[in-house]
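Next come the chains, spelled out residue by residue.
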Amino acid sequence: MSYNENERLYPASVTKIMPLLLVMEAIEGGKISYTDKVRASSNACSMGGSQIYLKENEEMSVEDMLKSVVIASANDAAVALAEHIAGSEEEFVRRMNKRASELGMKNTRFENTNGLDDTTDSHLTSARDIAIMSRELIKYPKILEYSSTWMDSVRGGEFGLTNTNRLVRFYKGATGLKTGSTAKAKFCISATAERDGMHLIAVIMASPTRDARNA
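Below is a short write-up of the structure. Given the structure is predicted, the values throughout are model-derived calculations rather than measurements.

Things to note about the environment of Arg 8
Within the secondary structure layout, Arg 8 lies in the segment before helix H1 (17-28). In this structure the C-alpha to C-alpha distance between Arg 8 and Leu 124, which are 116 residues apart in sequence, comes to 5.7 Å. Leave out the neighbours within four places in its chain, and Arg 8 touches Asn 107, Thr 108, Arg 109, Leu 124 and Thr 125. A distance of 3.0 Å separates the side chain of Arg 8 from the backbone oxygen of Asn 107, its partner in a polar contact.

Spelled out as structure tokens, the structure:
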């Protein structure tokens, strides 16, 4: 079932599905490992919005950065991972758009790694395209391990992470995947759930309220 599935809209933090996919593919390809240390740049630390408050030059493992992006939607960690893999956020965004094209995401253009849209007018995708990249991402069990976690922590337990997706707490079988909201995007989600061996993806964009989206 679908409605306006090809309409181009702002995705907010649901954007992060693509960076997460590229990170998982880099790990699978042996380019990086979960234990590698990622150093936060001043650019990564300047992101604002949802974050884990990285300090410039702070180092954290790929695994903890990944966990922070999946569970707490950390913008700073998303940029730090992008820079670690590609050398710059700009180059990483180029790779995001290349991967989107390879996957047949015809209505997508990314301008950053995190979906912050205060300064962009063309960071757009569609519900169908989000479903396509979500399907690729949930092939990685590690992502589902994090995206189905309600609470966790990083920095040796000093900094708590709470999942931005309330469905994992209240919906039977929920496995993830990613929420997002900004004034332009309104409330968005790519929701995944598994029951009786069937794994489904539901994408909602531009919902007027958080409760309406979750319903």
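Focus: the packing of H1 against helix H6 (residues 127-137)
Interaxial distance between H1 and H6 falls to 9 Å at its minimum, and their mutual angle equals 30°. Considering their axes alone, H1 and H6 lie roughly parallel with respect to each other. As H1 packs across H6, the resulting crossing turns out to be left-handed. Taken together, the residues of H6 that come into contact with H1 (itself represented by Ile 17, Met 18, Leu 20, Leu 21 and Met 24) are Ile 130, Met 133, Ser 134, Glu 136 and Leu 137.

Concerning the environment of Lys 67
Here Lys 67 shows up in helix H3 (residues 62-72). Classification of Lys 67 by relative accessible area gives buried; the value is 11%. Remark: the alpha-carbon pair of Lys 67 and Ile 143, spanning 76 residues in sequence, is separated by 8.3 Å. Residues within four places of Lys 67 in sequence aside, it is in contact with Ala 72, Tyr 146, Asp 152, Ser 153, Val 154 and Leu 161.

Here we look at unusual backbone geometry
That bond from Gly 176 to Leu 177 is cis: its omega, 15°, falls within 30 degrees of zero. Of note, Leu 177 is situated in strand E5 (residues 174-182). In this model, Asn 57 sits at a positive phi of 75°, which is unusual for a non-glycine residue. Despite not being glycine, Ala 206 shows a phi value in the positive range, around 60°. For Ala 206, the position within the fold is in strand E7 (residues 198-207).

Things to note about the packing of aromatic side chains
Enumeration according to the criterion identifies 1 aromatic pair in this entry. Over the face of the ring belonging to Tyr 34 we find Lys 142, whose NZ or CZ atom lies 5.3 Å from the ring centre. When the ring centre of Phe 159 is taken as reference, the NZ or CZ atom of Arg 155 above it lies at 5.2 Å.

Quick notes on the pattern of salt bridges
The full count for this structure, using the stated rule, is 13 salt bridges. Among the salt bridges present, the one from Lys 67 reaches Asp 152, with a minimum N-O distance of 3.6 Å. On the criterion of sequence distance, the pair formed by Lys 67 in helix H3 and Asp 152 in strand E3 (residues 151-154) is long-range, its members being 85 residues apart. With relative accessibility at 30%, the residue Asp 152 sits in the partly exposed group. Where Arg 95 meets Glu 91, a salt bridge forms, and the shortest distance between an N and an O atom there is 3.0 Å. Pair noted here: Arg 95 and Glu 91 are both in helix H5 (residues 89-102), with a separation of 4 residues, about one helical turn. For Arg 95, a relative accessible area of 31% gives the class partly exposed. Here Glu 91 falls in the partly exposed class, since its relative accessible area comes to 23%. Via salt bridges that share partners, Glu 25, Lys 98, Arg 99 and Glu 102 belong to a single interconnected network.

Rules and cut-offs
Residues numbered from 1 in each chain as written. Predicted model: local features only at pLDDT ≥ 70, side-chain atom pairs only at ≥ 80, totals over all residues. Heavy atoms only, no water. Helix = DSSP H or I, 4+ residues; strand = E, 2+ residues; numbered from the N terminus. Contact = heavy atoms within 4.5 Å. Polar contact = N/O pair within 3.5 Å; in protein donor to acceptor, adjacent residues only side chain to side chain. Axes fitted to C-alpha atoms, helices over the stretch in contact; angles between N-to-C directions. Parallel < 35°, antiparallel > 145°, perpendicular 65-115°, else oblique. Left-handed = near helix turned anticlockwise from the far one by under 90°. Buried < 20%, exposed > 50% of the residue type's maximum accessible area, 1.4 Å probe, protein only. Phe/Tyr/Trp six-rings, centres within 6.5 Å; stacked < 30°, edge-to-face > 60°. Lys NZ or Arg CZ within 6 Å of the ring centre and 35° of its normal. Salt bridge = Lys/Arg side-chain N within 4 Å of Asp/Glu carboxyl O.

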